[in-house]
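# Observations on the three-dimensional arrangement
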Amino acid sequence: MTSNVAEETTLSGKASMTADTLAVETITVDSEPIIETLSLAQRSQNASYANAGRPNRQDPFEGVGYDPDAIAAYYRKRPFQVISRFVAIFLPLIRFFAQLWLDRRAGRSEERQQQRATQLREMLTRLGPAYIKIGQALSTRPDLVPPLFLEELTRLQDQLPPFPNNLALHFIEMELGAPANEVYAELSPDPVAAASLGQVYKGRLKTGEAVAVKVQRPGLAGRITLDLFILRRLAQFVTRRVSRVRSDLVAIMDEFGERIFEEMDYTHEGENAQRFGQLYGHLPDIYVPHIYPQYTGRRVLTMEWIDGIKLTRIDELNRLGISATHMIDVGVQCSLRQLLEHGFFHADPHPGNLLAMPDGKLAYLDFGMMSEVKPQQRYGLIEAVVHMVNRDFEGLAGDYVKLEFLTPDTDLTPIIPALSEVFNNALGASVAELNFKSITDEFSALMYEYPFRVPAYYALIIRSLVTLEGIAINVDPEFKVLSKAYPYVAKRLLTDPSPELRSSLQDLLFKDGSFRWNRLENLLRNARGNDDYDLDQVLDQTLEFLFSERGSFLRDRIVSELVNSLDLLGQNTLQTVTTSVQRRLGLKPKESAVNLTPNTDSDLSHLLRILDILKDTKGFDATKVVTRIPTILLKAETQTMGQQVVSGLAQRALARFIRTVLMEESSAPLPIPASAPLATTR
């Protein structure tokens, strides 16, 4: 059986059945309300929860957007609350790292690893949502975190302590305007999963659809705003006092604050899910669950129930005949379209939010933390990847200016060789060795030596890519996200009609008056590995460029190469015929003084190699190429090129004829007069 999953969570084994099965008892709430027996301690805790959950009572930030100035003004008046929380955060952290250090000194690190892993998970859980999200990010990095720690941190994705059920039912009634038994035909008596911001119940609508009902934790805004205030003050302190830190840490914190406040508004999450479905739901093997807006409010979200398995549960996937590697490929290709095509991307793709469905589709869940990449930033990212792969570090330095990692007035002269040294180590021998972590590790070395800064918008992109690559490495340690991404990037550069990428392609292929054929071959060779690569579109855009005003330089190169090749062919043919006739007549053939060997690095040789690449590309149809020939021949530019080829061949033939005649005349012996004395040499 599969594991049932919803929200930013998966339903993991929480019953007396096997670990890969979730048995959830449901009760009918149509006929009678849910009744819970609560202990005195539970009642006391619930009272505090309920007070925290009532909007505009004890929590002034409940139901409002992120406003750093308002948050700062509020907590400046409450220094003791801030100091108390600061101590509550950093004392456990200091104690934990001190214990790790002592374990290492005593040689007992391995012996106590399980204990420390559990301790870390429990500590992050107590510290609250902001720190739980840090743990979730670490839980996807098997290359950074030891296995026992990884196993414990994975529980932060969906196995956190729940809040009381009666309070969840209270929130459902407040948000939807009716008791749960009037909204849902069935509802699980306990949450099937609990995560950082809320917990999930399995339910069924009156119309019969199975749904996941996500209910937000009470008192969330107050706790998160206090943590954001402290972290923002620390960011201000570090920015002012540490000169080597040039990134705008405050802006990065504000970006995170805006996204997490949006994540606390489930109405906004529902709208995100609908937009995500419109943009990416049509992609092969991608599934986006349906949202029920009429049963959704700020603290309650009702969405389609999804049956699925985490991508990290490889054995379960294998039993169902689902390839985990294929699922990762699907996720990578979808992420590329999110980041580079539409710009609207899922910023929290941890294993609880990506599920393999029994029919082989990849389902996305939890659309609270989303972000956007502006068009210019998308184009800049594509250019940066292409320049990096082609080791064009001058172009890459310019990309960093466009992407706001460097200011426009930065002197790039010392940065270009530094980029060359650093990235040549990370890139290895080929695109197949590209690894996002190795590149970010190498790049971090430059951050402190040169005036680089991380723009705020890029922080969530890094989070998304690092998380996704973490899942991929868990499935396949040799998986390289960037090497999988390059065919898509090459395809976009070759086929995207936007002026920005058209200009980028020209800059990539032309330099100092020469055409870099090897780069075009590299792009074509990589682009054919992308599933939706449209070869017809490439041919059409290539012809459009060739016959445009911008393509005049390339037309001249083609004419020159045709003249050279045809002239060489003519000379070879003439020499072959002459040699054959001389041998038949018993004469000794003359050796040619001209080198008639074809140039293997000529433009024509490159064109022939490109033709071979196109013929090996999926979707290549020779008849489609043939049907374009009449249109090409009728173009005025083609006729002009033909005239130039004929003229060039005629000029060469005439020049060769004149040169031959002059050489024969100069080599003929001069008659010596009888009366003239013979010249002597000394």
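Here we summarise the structure given alongside this text. Not measured: the values here are computed from a predicted model. Residue numbers restart at each chain and count upward from 1, following the sequence in its written direction. Where totals are concerned, whole chains, interfaces and linings use all residues; where local detail is concerned, this predicted model gives features only for residues with pLDDT of at least 70, and gives and counts side-chain atom pairs only at 80 or more. Water and hydrogen atoms were dropped before computing side-chain values, which therefore reflect all heavy atoms in the structure.

As a further point, take the overall build of the protein. Check the secondary structure of the protein and you find 26 helices and 16 strands. Three exposure classes are used, based on accessible area relative to the maximum for each residue type with a 1.4 Å probe and protein chains only: buried under 20%, partly exposed in between, and exposed over 50%. Burial statistics for the protein: of 682 residues in total, 49% are counted as buried. Long-range contacts, defined here as pairs at least 24 residues apart, represent 72% of the contacts in the protein between residues at least 6 apart. The Shrake-Rupley method, run with a 1.4 Å probe sphere, supplies the accessible areas, and residue values consider only the shown protein chains as cover. Within the structure as shown, the protein displays about 34000 Å² of accessible surface, and the carbon and sulfur contribution to it stands at 56%. Helix and strand labels come from DSSP, where a helix needs a run of H or I of at least four residues and a strand needs a run of E of at least two; each type is numbered from the N terminus. The contact criterion used throughout is that any non-hydrogen atoms of two residues lie within 4.5 Å.

Attention now goes to a nonpolar patch on the surface. Residues enter a patch when their relative accessible area is above 30% and they make no salt bridge; the linking distance is 9 Å between like charges and 5 Å between nonpolar side chains (Val, Leu, Ile, Met, Phe, Trp, Tyr). Here a salt bridge means any side-chain nitrogen of Lys or Arg lying within 4 Å of a carboxyl oxygen belonging to Asp or Glu. Taken together, Ile 83, Phe 86, Val 87, Leu 91, Ile 94 and Leu 234 make up a surface patch of nonpolar side chains, about 510 Å² in accessible area. Among the elements that line the nonpolar patch, the one with the most residues is helix H3 (residues 79-105), at five residues. Inspection of the secondary structure puts Leu 91 in helix H3. Taking the relative accessible area as the measure of exposure, Leu 91 reaches 45% and is therefore partly exposed.

Here we take up the pattern of salt bridges. The tally for this structure, following the rule as stated, stands at 20 salt bridges. We note a salt bridge from Glu 372 to Arg 275, for which the minimum N-O separation is 3.0 Å. In this pair, Glu 372 is assigned in strand E14 (residues 370-372) and Arg 275 in helix H11 (residues 266-280), connecting sequence segments 97 residues apart. Using a relative accessible area of 33% as the deciding quantity, one classes Arg 275 as partly exposed.

A few words on the side chain of Arg 217. You can see Arg 217 is positioned in the loop between strand E6 (210-216) and helix H9 (220-241). For Arg 217, the side chain forms a polar contact with the main-chain oxygen of Pro 161, separated by 2.8 Å. We call two N or O atoms a polar contact when they sit within 3.5 Å, provided that within protein one can donate a hydrogen and the other can accept it, with sequence-adjacent residues counted only if both atoms are side-chain atoms. Polar contacts involving the side chain of Arg 217 include one to the main-chain carbonyl oxygen of Ala 195, which spans 3.0 Å. Those residues in contact with Arg 217, other than ones at most four positions away along the chain, are Leu 160, Pro 161, Pro 162, Phe 163, Phe 171, Ala 194, Ala 195, Ser 196, Leu 197 and Gly 198.

Right, let's talk about the environment of Ile 471 for a bit. Considering the arrangement of structural elements, one finds Ile 471 in helix H18 (residues 456-475). Distance from Ile 471 to Ser 139, taken between C-alpha atoms, is 9.1 Å for residues 332 residues apart in sequence.

Another point: unusual backbone geometry. If you check the backbone angles, Asp 285 has positive phi at about 65 degrees while not being a glycine. Mapping Asp 285 onto the fold places it in the loop between H11 and strand E7 (286-287). Of note in the backbone geometry, Glu 404 takes a positive phi value of approximately 75 degrees without being a glycine. Note on placement: Glu 404 falls in the loop between helix H15 (393-402) and helix H16 (415-427). Accessibility expressed as a relative area gives 39% for Glu 404, which makes it partly exposed.

Moving on, we get to the packing of helix H13 (residues 324-342) against H18. Note on definitions: angles span 0 to 180 degrees between N-to-C directions of axes, and those axes are lines fitted to C-alpha atoms, for helices only across the stretch in contact. Relative to each other, H13 and H18 sit at 170 degrees, their axes nearing to 10 Å. Considering the angle they form, H13 stands roughly antiparallel to H18. The handedness of the crossing between H13 and H18 comes out as left-handed. Mapping the contact onto sequence places Ala 324, Thr 325, Ile 328, Gly 331, Val 332, Ser 335 and Leu 339 in H13 and Ile 461, Leu 465, Leu 468, Ile 471, Ala 472 and Val 475 in H18. These descriptions rest on fixed angle ranges, namely under 35 degrees for roughly parallel, over 145 for roughly antiparallel, 65 to 115 for roughly perpendicular, and the rest for oblique. Take the far helix as your reference; a near helix turned counterclockwise from it by less than a right angle gives a left-handed crossing, and one turned clockwise gives a right-handed crossing.

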